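Residue-level structure breakdown
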Amino acid sequence: MEDGFSSYSSLYDTSSLLQFCNDDSASATSSMEVTDRIASLEQRVQMQDDEIQLLKSALADVVRRLNLSEEQQAMGSRRGPTKARPMIATLPVRPTVNNGTVLPKKGSSTLPSPAGSGSRKDASPATNKSTVRRANSNEHVGTLTRKDSGDSKGNRTRAGSTGSNSSGKRSDSKQRDPVFNAEEGYVKMFLKGRPVTMFMPKDQVESYSLEARGELPSNKLKLDWVYGYRGRDCRSNLYLLPTGETVYFIASVVVLFNVDEQLQRHYTGHTDDIKCLAVHPDKITIATGQVAGTSSDGKQLAPHVRVWDSVSLNTLQVLGTGFFDRALVCLAFSKSNGGNTLCVVDDSNDHVLSVWDWQREERLAEAKCSNESVFAADFHPTDSNVVVTCGKSHLYFWTLEKGLLVKKQGLFEKQEKPKFVLCVTFAENGDAITGDSSGNILVWGKGTNRISRVIQGAHEGSIFAVCMLRNGTLVSGGKDRRLVSWDGSYQQIQTVEVLESFGPIRTIAEGRGETVLIGTTKNFVLQGSLDGDFIPITQGHTDELWGLAVHPWKPQFLSCGYDRQVCLWDSSTHQLIWTKTLEDTAQSAGFHPSGAVVAVGTQTGRWLVLDTDSKDLVTVHTDGNEQLSVMRYGPDGNFLAIGSHDNYIYIYAVAENGRKYSRVGKCSGHSSFITHLDWSVDSQYLVSNSGDYEILYWIPSVCKQVVSAETTRDIEWFTQTCTLGFQVFGLWPDGSDGTDINAACRSNSKTLLVTGDDFGKVHLFSYPCSQFRAPSHIYRGHSSHVTNVSFLYDDSYLVSTGGKDMSVLQWRIV
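All figures in this text were calculated on a predicted structure; none of them were measured in a lab. (Residues numbered from 1 in each chain as written. Predicted model: local features only at pLDDT ≥ 70, side-chain atom pairs only at ≥ 80, totals over all residues. Heavy atoms only, no water.)

1. Points about the overall build of the chain
Along its length, the chain carries six helices and 57 strands. A buried classification covers 58% of the 814 residues belonging to the chain. For the chain, the share of sequence-separated contacts (at least 6 apart) that also reach a separation of at least 24 residues comes to 52%. Carbon and sulfur atoms make up 48% of the accessible area of the chain, which totals about 33,000 Å². (Helix = DSSP H or I, 4+ residues; strand = E, 2+ residues; numbered from the N terminus. Buried < 20%, exposed > 50% of the residue type's maximum accessible area, 1.4 Å probe, protein only. Contact = heavy atoms within 4.5 Å. Areas by Shrake-Rupley, 256 points an atom, 1.4 Å probe, with all protein chains shown as cover.)

2. Some words on the pattern of salt bridges
Under the defined criterion, the tally for this structure stands at 24 salt bridges. With a closest N to O distance of 3.3 Å, lysine 202 and glutamate 710 form a salt bridge. Taken together, the residues lysine 202 in helix H5 (residues 202-205) and glutamate 710 in helix H6 (residues 709-712) connect sequence positions 508 residues apart. Under the relative-accessibility criterion, glutamate 710 is labelled partly exposed at 45%. (Salt bridge = Lys/Arg side-chain N within 4 Å of Asp/Glu carboxyl O.)

3. Some details on the packing of aromatic side chains
Evaluation of the coordinates by the stated rule reveals 26 aromatic pairs. Ring geometry for phenylalanine 180 and tyrosine 208: centres 5.1 Å apart, planes at 75 degrees, overall edge-to-face. Of this pair, phenylalanine 180 sits in strand S1 (residues 179-181) while tyrosine 208 sits in the loop between H5 and strand S4 (221-227), and the two are 28 residues apart along the sequence. Taking relative accessible area as the criterion, phenylalanine 180 reaches 24% and is therefore assigned partly exposed. Residues tyrosine 396 and tryptophan 398 carry aromatic rings whose centres are separated by 5.8 Å and whose planes lie at 85 degrees to one another, so their mutual orientation is edge-to-face. Here the aromatic residues Phe180, Tyr208, Phe726 and Phe729 are joined through ring pairs into a cluster of three or more. Sitting over the face of the ring of phenylalanine 323, arginine 363 holds its NZ or CZ atom 3.9 Å from the ring centroid. (Phe/Tyr/Trp six-rings, centres within 6.5 Å; stacked < 30°, edge-to-face > 60°. Lys NZ or Arg CZ within 6 Å of the ring centre and 35° of its normal.)

4. Some points on unusual backbone geometry
With an omega dihedral of 0 degrees, the bond running from tyrosine 767 to proline 768 counts as a cis peptide bond. Mapped onto the elements of the fold, proline 768 is located in the loop between strand S53 (761-766) and strand S54 (777-780).

5. Quick word on the nonpolar core
Counting 41 residues, the largest nonpolar core has Leu221, Phe557, Val754, Val762, Phe791, Leu798 and Trp811 as its most contacted members. In terms of residue count, the dominant contributor to this core is S4 (five residues). For leucine 221, the residues in contact, after removing those within four places along its chain, are Val762, Leu764, Tyr779, Leu798, Trp811, Arg812, Ile813 and Val814. Residues Met189, Ile741, Ala744 and Phe765 belong to the second largest nonpolar core, which totals 29 residues. (Core = buried A, V, L, I, M, F, W, Y, C linked by side-chain atoms within 4.5 Å.)

6. Structural notes on the sheet that holds strand S45 (residues 649-655)
Sheet architecture is open: four strands sit in the order S43-S44-S45-S46, paired in antiparallel fashion. Either end of the sheet is taken by a strand with one partner, and the two such strands are strand S43 (628-633) and strand S46 (660-667). Each strand axis lies, on average, 20 degrees off the axis of its neighbour in the sheet, ignoring direction. (Pairing = 2+ DSSP bridges. Axes fitted to C-alpha atoms, helices over the stretch in contact; angles between N-to-C directions.)

7. Thoughts on the environment of asparagine 748
Checked against the element boundaries, asparagine 748 lands in the loop between strand S51 (741-746) and strand S52 (752-757). Taking the relative accessible area as the measure of exposure, asparagine 748 reaches 48% and is therefore partly exposed. Between the alpha carbons of asparagine 748 and threonine 719 there is a distance of 8.1 Å; along the sequence they are 29 residues apart. Setting aside chain neighbours within four positions, we find asparagine 748 in contact with Phe791, Leu792, Tyr793, Asp794 and Asp795. Among the polar contacts listed, one links the side chain of asparagine 748 to the backbone oxygen of leucine 792, at a separation of 3.0 Å. (Polar contact = N/O pair within 3.5 Å; in protein donor to acceptor, adjacent residues only side chain to side chain.)

8. Some thoughts on the sheet that holds strand S28 (residues 474-478)
Hydrogen bonds between backbone groups are what pair the strands of a sheet, and the pairing can be parallel or antiparallel. In space, the four strands of this open sheet follow the order S27-S28-S29-S30, with antiparallel pairing throughout. In this open sheet, the two edge strands, each paired with only one partner strand, are strand S27 (463-468) and strand S30 (492-497). Across the sheet, the mean angle separating the axes of adjacent strands is 15 degrees when strand polarity is ignored. Note: S27 against S28, five bridges, orientation antiparallel. What sits directly across from isoleucine 463, in S28, is glycine 478.

9. Overview of the state of the cysteines
Simply put, disulfide is the name for a covalent bond between the sulfur atoms of two cysteines. Within the structure shown, the criterion is met by zero disulfides. Unpaired in this structure, cysteine 343 has its nearest cysteine sulfur neighbour in cysteine 330, at a distance of 8.0 Å. Judged by its relative accessible area of 0%, cysteine 343 falls in the buried class. (Disulfide = S-S within 2.5 Å.)

Honestly, it's all geometry; don't read function into it.
See below:
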């Protein structure tokens, strides 16, 4: 066991903490203000608390290892000698502390890099030899990982989960197969080497066979509706097609939305975040570009452009696999040569500009565009050999000559050079028109790189979008939320200001007739006219999503997340019923069985109850100071169980149809944070899962743990959201580290089980799912970890939420 403890000492190293605590920079002799010293002391206390939690977890795991070792010795004595299993292979992932970082290993002088920052950087070998020598991608801190630094995911539920793109998630060693004990009637599976014992109902013990194969469900899922739009960090991604469909994207789905008929179609050919979109002059062919990614088995998914038919939704070409780096940021079809060429800018350090004959999949030319951000690229409307790019501190006019791209820099001369040139379009006479961060619109004479006209102070602040309408009217919009129209002489015609709640204008597109479409930085798509009001046709969340709750008897569901927004949706009309802004970031939600109220848990330990009809606040309480991962009412509506990140389950008695709450107590026994909760059908029992793969049972009315397997094995559960248990253990993929599955939900018919995983996939299983490595139908659409899944009350639809992709997807069960 000495080796085991030494292994733990390296995993749960305290040297960095001691080094911090011995730092005398916050002593009384320091020049820091009193408030700074207090803050520093508070930080130290918090770190010490975190360290205590790590040591508790380590101690609990040592005890488990001892038990496991005794079991293995007993089994070995019956079966004969077996090859010793090295203990280090079964140790848990090093848990994250509350600020989302991992304590460094002994000898490590640097903190771990953000999760996935290197996972997308190594593009697969170029299929075509590039003439552009790119700067080392390692120099650039990746901004394209699904979970950014992994803080959100690590803080939420997973100790040591480093993000969905981490190619290191899969264990190199072979996962231990489950063990079936027929005498005592349990199956023992292993997650990251840890045993998880699951007792089965008595009536299944005799007939159960671990070798039996699970069956695929007869039902399948079909993507029905996508809630949300990506306007916060993407540009020029909103267009109206001749079919009357508005085309835009979110996550890895391109949405074609017919507003009049309230119908959506979806292009789902992409495997990760879409970042840019271009429409061909024929208004049928569309090109979209995606970021690099990593598949669930750790393989690199290269960034690429997909060219597809918007009528049939068939993919026509896939361009640049192995050539592009990190992501695609700009796309544009040529106008004057029938749209035969496509210009692309990637997100490598040099932001390489390339021009393609997309039908032949042939790269015609390439050049380093800029080592600064590039925001827009477009072909000249009358010369297919001229491309204009703009971005941070630059405006370039490129000419394609004999396979080379020749660059001319835009000359600002007497005009003060803006920090960012943010957008570009073209006038009917061929002049280029740009909008910049100084709020100015500049006109550049056709064929020159000089300014011919200046509209000084066109907007207050940055101009994010300029759009030339068919009738020759120029429309501009920006940070000031104003939409300004200009005539052919660049005289202002009129101004419309969109509501503050919609956010700044990110992109502008011409609609049908006199209508104009606007995409905003708060992820709204608005429709209106230059002399009237704008109404939202699409809206969504603006930060990571975790909370999801379905109404117990209406076709409604509620979503909430880190943007502090709580949204109630109608799944049949696809409309937002109401939205409410909270003071804290939201983490979880659950409806009272009556449907009259809904409880929302936050990341600060505060939870509140809202009236479902009026969204009015009914009550607010606080339990602990950590995030509340689960809010679950008992089926009879008399109790509310709250699973917290502080390892406790708080129990409240509920009266007056969900309007009065009194605390019963807290269930104490888990050695890690609570991840999932389920109530028994009779509301007498509660089952919980935790971050260290424990399954515990409780009598919530007295907050007592039930340790007898004979008592718990035959309990009928009202819901099945726990990811650990005999009826669901088949959902775990081979080699899982125990953090891959974020959410599960059993259908109300008790025939289907759905899960959301770290790789953007929704899996549909048959229920019960009690055979190892059960087969499933797999569906993609999310580009981030799928944080929650739930069937509607009548099993007509399934709803899934994406973490960093901020999308809500509604699936029809067919």
